[in-house]
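Residue strings, one per chain:
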Amino acid sequence: MNEILQSIQQRRSVMAFSPEPIPNEHLIQLFRAAILAPSAYNEQPWLFFVANRENASAFESVLNTLAPANQEWAKSAGALVVTAARKNYTRTGESNYYSLHDLGMATAMFLVQAQSMGYVTHMMGGFDHISIRSAIKLDDGYQIGAVIALGKPGSIENLNPQNKQRELSPRMRLELEKVLRIL
């Protein structure tokens, strides 16, 4: 039996980032992995907005929409990625019930690829949904999924005591028996 991929085993949400921008060729590779995800009717409803640190105004614009507790550590990320899913099918105009599921799969591919390239990530749901939509100029045809902090690992010594403790805590996962039902 094959082992779980190292990039999956080692992935966790971190808060200690090195504040260096992400090279564009690395971003392209990360999103090439993301778009390989499956999707209902091959709609590929995902859309990603990257606020790389090298574009200070875009980075600050997205950072300022985050909850204060997230801003505290996300300010050191190399990039902030806003994920969104198109609400309706392009073919029929009907509601795409699976769009957030499909976005989640694309995001998972992105996270695994990032880990394999030596990057660390942290997904966030703590942000102002109205102001972030304005910051990235997103129309109502899309639903925002999450914001992802992306970057190279940084020093945990730069975190406040509470976040340092969270960063050093063991990665907790539910027991397989709690989430798996083989019929």
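Residues numbered from 1 in each chain as written. Predicted model: local features only at pLDDT ≥ 70, side-chain atom pairs only at ≥ 80, totals over all residues. Heavy atoms only, no water.

Undergrad: Looking at this structure, I do not really get the overall build of the protein chain. What am I missing?
TA: Assigned secondary structure in the protein chain consists of eight helices and five strands. Ordered by position from the N terminus, the helices and strands of the protein chain form the series α-β-α-β-α-α-β-α-β-α-β-α-α. Its C-alpha atoms give the protein chain a radius of gyration of 17 Å, within 12% of the compact-globule value 16 Å for 183 residues. Based on the C-alpha atoms only, the size of the protein chain along its principal axes is roughly 50 × 50 × 30 Å. Pairs at least 24 apart in sequence give 76% of the contacts found in the protein chain among residues at least 6 apart. A total accessible area of about 10800 Å² is found for the protein chain, and carbon and sulfur atoms account for 54% of it. Each charge class in the protein chain was averaged separately, 17 positive and 16 negative side chains, and the resulting centres sit 2 Å apart. (Helix = DSSP H or I, 4+ residues; strand = E, 2+ residues; numbered from the N terminus. Rg over C-alpha atoms; globule rule 2.2 N^0.38 Å. Contact = heavy atoms within 4.5 Å. Areas by Shrake-Rupley, 256 points an atom, 1.4 Å probe, with all protein chains shown as cover. Lys, Arg positive; Asp, Glu negative; His and termini not counted. Charge placed at Lys NZ, Arg CZ, Asp CG, Glu CD.)

Undergrad: Help me understand the packing of helix H2 (residues 24–34) against helix H5 (residues 99–116), please; the structure alone is not making it clear to me.
TA: The axes of two packed helices give the description: the angle between them and the distance between them. Relative orientation of the contacting elements H2 and H5 amounts to 135°, with a least axis distance of 7 Å. It follows from the interaxial angle that H2 and H5 lie oblique. The two elements H2 and H5 cross, and the hand of that crossing is right-handed. Where H2 abuts H5, its residues Gln29, Leu30, Phe31, Ala33 and Ala34 lie against Ala106, Met109, Phe110, Gln113 and Ala114. (Axes fitted to C-alpha atoms, helices over the stretch in contact; angles between N-to-C directions. Parallel < 35°, antiparallel > 145°, perpendicular 65-115°, else oblique. Left-handed = near helix turned anticlockwise from the far one by under 90°.)

Undergrad: Looking at this structure, I do not really get unusual backbone geometry. What am I missing?
TA: Where the residue is not glycine, phi is negative for most of them; where a peptide bond is considered, it is trans in most cases. In this structure, Asn42 is a non-glycine residue whose phi angle is positive, near 55°. Relative to the assigned elements, Asn42 resides in the loop between H2 and strand E2 (46–52). The backbone of Lys137 shows a phi angle near 60°, a positive value even though the residue is not glycine. One can find Lys137 in the loop between helix H6 (129–136) and strand E5 (142–153).

Undergrad: Explain a nonpolar patch on the surface to me, please; I cannot follow it from the model alone.
TA: Taken together, the side chains of Leu174, Leu176, Val179, Leu180 and Ile182 make up a nonpolar region of the molecular surface, amounting to roughly 560 Å² of accessible area. Looking at the secondary structure, you find Leu176 in helix H8 (residues 176–179). Looking at Leu176, the relative accessible area reads 54%, which means it is exposed. (Patch = residues over 30% accessible without salt bridge, like charges linked within 9 Å, V, L, I, M, F, W, Y side chains within 5 Å. Salt bridge = Lys/Arg side-chain N within 4 Å of Asp/Glu carboxyl O. Buried < 20%, exposed > 50% of the residue type's maximum accessible area, 1.4 Å probe, protein only.)

Undergrad: How do you make sense of the side chain of Ser18 when you look at a structure like this?
TA: Structurally, Ser18 can be placed in strand E1 (residues 17–18). Discounting residues that sit within four places of it in the chain, Ser18 has contacts with Ser76, Gly78, Lys152, Pro153 and Gly154.

Undergrad: Would you take a moment to explain the pattern of salt bridges for this structure?
TA: Think of it this way: side chains of opposite charge can pair up when their charged atoms draw near. Taken as a whole and judged by the stated rule, the model has two salt bridges. Between Arg86 and Glu43 there is a salt bridge, with the nearest N and O atoms lying 3.3 Å from each other. Remark: Glu43 occurs in the loop between H2 and E2 and Arg86 occurs in strand E3 (residues 79–86); sequence separation between them is 43 residues. Lys164 is the partner of Glu157 in a salt bridge, and the nearest nitrogen-oxygen pair spans 2.9 Å. Judged by its relative accessible area of 25%, Lys164 is partly exposed.

Undergrad: Sorry, what's going on with the nonpolar core here?
TA: Counting residues in each nonpolar core, the largest one holds 26 residues, and the members touching the most others are Val62, Leu66, Trp73, Leu80, Met124 and Val147. For this core, the elements supplying multiple residues, two or more each, are helix H3 (56–63), helix H4 (68–74), E3, strand E4 (120–124), H6 and E5. Per-element tally for this core: the top contributor is E5, with four residues. Not counting chain neighbours up to four residues away, the residues in contact with Leu66 comprise Gln71, Ala74, Leu80, Met124, Gly126, Phe127 and Val147. Counting residues in each nonpolar core, the second largest holds 20 residues, with Val81, Ala85, Met117 and Tyr119 among its members. (Core = buried A, V, L, I, M, F, W, Y, C linked by side-chain atoms within 4.5 Å.)

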